Amino acid sequence: MKYFYSSFAVSFIAVIIAFYIGGAGAAYICVLLCVLEISLSFDNAVVNAKVLKDMAPVWQSRFILWGIPIAVFGMRFLFPVLIVAASAHLGLWETLVLALKQPQRYHEILSENEAQIYVFGGAFLLMVFCDFFFDAQRELHWLGIIENNGLVRFLKRIPNAPTLIALAAGLVLLAKTGSATLGAAYFGAILLYLLISCFDRLFGTDGVKNGLAGFLYLETLDASFSFDGVIGAFALSDNIFIIMLGLGAGAMFVRSITLYLIARGTLSHFAYLEHGAHYAIACLAFIMFAKLKFEVSEIITGTVGILFIALSLLSSVLYNRRNKRKLIETIAGNNE
């Protein structure tokens, strides 16, 4: 429980500030936004824990300390403001004034650019999933018929298969939409992922993301997860400060969950938890692409992620029981 004390404290302060800004209604929306952020980003916490547990302690601390203001003020507040400022050809101060005095117009400008935002985030998350799914070194499979069939085994033998598959998907997207802007957003995300990976290979050890490379990877991953929540938050509130407070409080809980998973060694105890998180990431990526044509509620997005996590936890428990039973039977057989 100690890992969540700071998150509860920050959330309490956020709700008080929201109440001061807009009364009981604003405080309630702040709580709802916090829950929305946690539901959308729980799988993010699992992947964060996977990367962080192998990083140097100093970079673990930096991710927690520096990552919070970047996540709260950078991605949930400043990033949308920068998008609106660039799109409307306004200065930062003018954009802030617009957000405060004409929140509906601010939302409209942000919505006009949501396609590029979703494509960028979806492409980055797709690369994260493909790198996991087509990892030739991974021996444990959760859904064997999907993860270990003949086609997948063949693709795993192809050098840089994840990148080639992501690039092929990008070409299909470009052909379907015919939009150079969306193509630039998609391939820009792929390029960013590859740059971080190259940096990691130069300065990492044994495939472990260390130092700055790991930090940049985690922050970009967090950004990709936050896009959906930041845009969807306007369905609940048009006040950028209420949105920042609610989503920021949720981001704090995601950090706390990450710390808890690392400290408890949860990933090693639940063999399929990482699988579930990456399947949830794949679903989020496809939902982001689907939003180019369809309206998809954030409730659906969050529910899908939670379901994959829950199913992977249940499968892990059953897997542990089977292994324990086999161990007991082996010991009993040896004693005979």
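What counts, and at which threshold
- Residues numbered from 1 in each chain as written.
- Predicted model: local features only at pLDDT ≥ 70, side-chain atom pairs only at ≥ 80, totals over all residues.
- Heavy atoms only, no water.
- Salt bridge = Lys/Arg side-chain N within 4 Å of Asp/Glu carboxyl O.
- Buried < 20%, exposed > 50% of the residue type's maximum accessible area, 1.4 Å probe, protein only.
- Phe/Tyr/Trp six-rings, centres within 6.5 Å; stacked < 30°, edge-to-face > 60°.
- Helix = DSSP H or I, 4+ residues; strand = E, 2+ residues; numbered from the N terminus.
- Lys NZ or Arg CZ within 6 Å of the ring centre and 35° of its normal.

A. Structural context of the pattern of salt bridges. Overall, the coordinates contain four salt bridges when judged by the stated rule. As a salt-bridge pair, Arg105 and Glu112 come within 3.8 Å of each other at their nearest N and O atoms. Owing to a relative accessible area of 36%, Arg105 belongs among the partly exposed residues under this scheme. Residues joined by salt bridges that share partners form a network here, namely Arg105, Glu108 and Glu112.

B. Structural detail: the packing of aromatic side chains. In this structure the tally under the stated criterion is 13 aromatic pairs. Their ring planes at 55° and their centres at 5.9 Å tell us that Phe129 and Tyr279 sit as a pair that is tilted. Within this pair, whereas Phe129 is found in helix α5 (residues 114-133), its partner Tyr279 is found in helix α13 (residues 273-290), the two being separated by 150 residues in sequence. For the pair shown, Phe129 and Tyr279 are each scored as buried. Taking 6.4 Å as the distance between ring centres and 25° as the angle between the ring planes, the aromatic pair formed by Trp142 and Tyr272 counts as stacked. Taken as a pair, Trp142 in the loop between α5 and α6 (144-147) and Tyr272 in the loop between α12 (266-269) and α13 lie far apart in primary sequence, 130 residues in all. Like Tyr272, Trp142 is buried. An aromatic cluster of at least three residues, connected via ring pairs, comprises Phe129, Phe133, Phe134, Trp142, Tyr272, Tyr279, Phe308 and Tyr319. If you follow Arg138 out to its NZ or CZ, it ends over the ring of Phe132, 4.2 Å from the centre.

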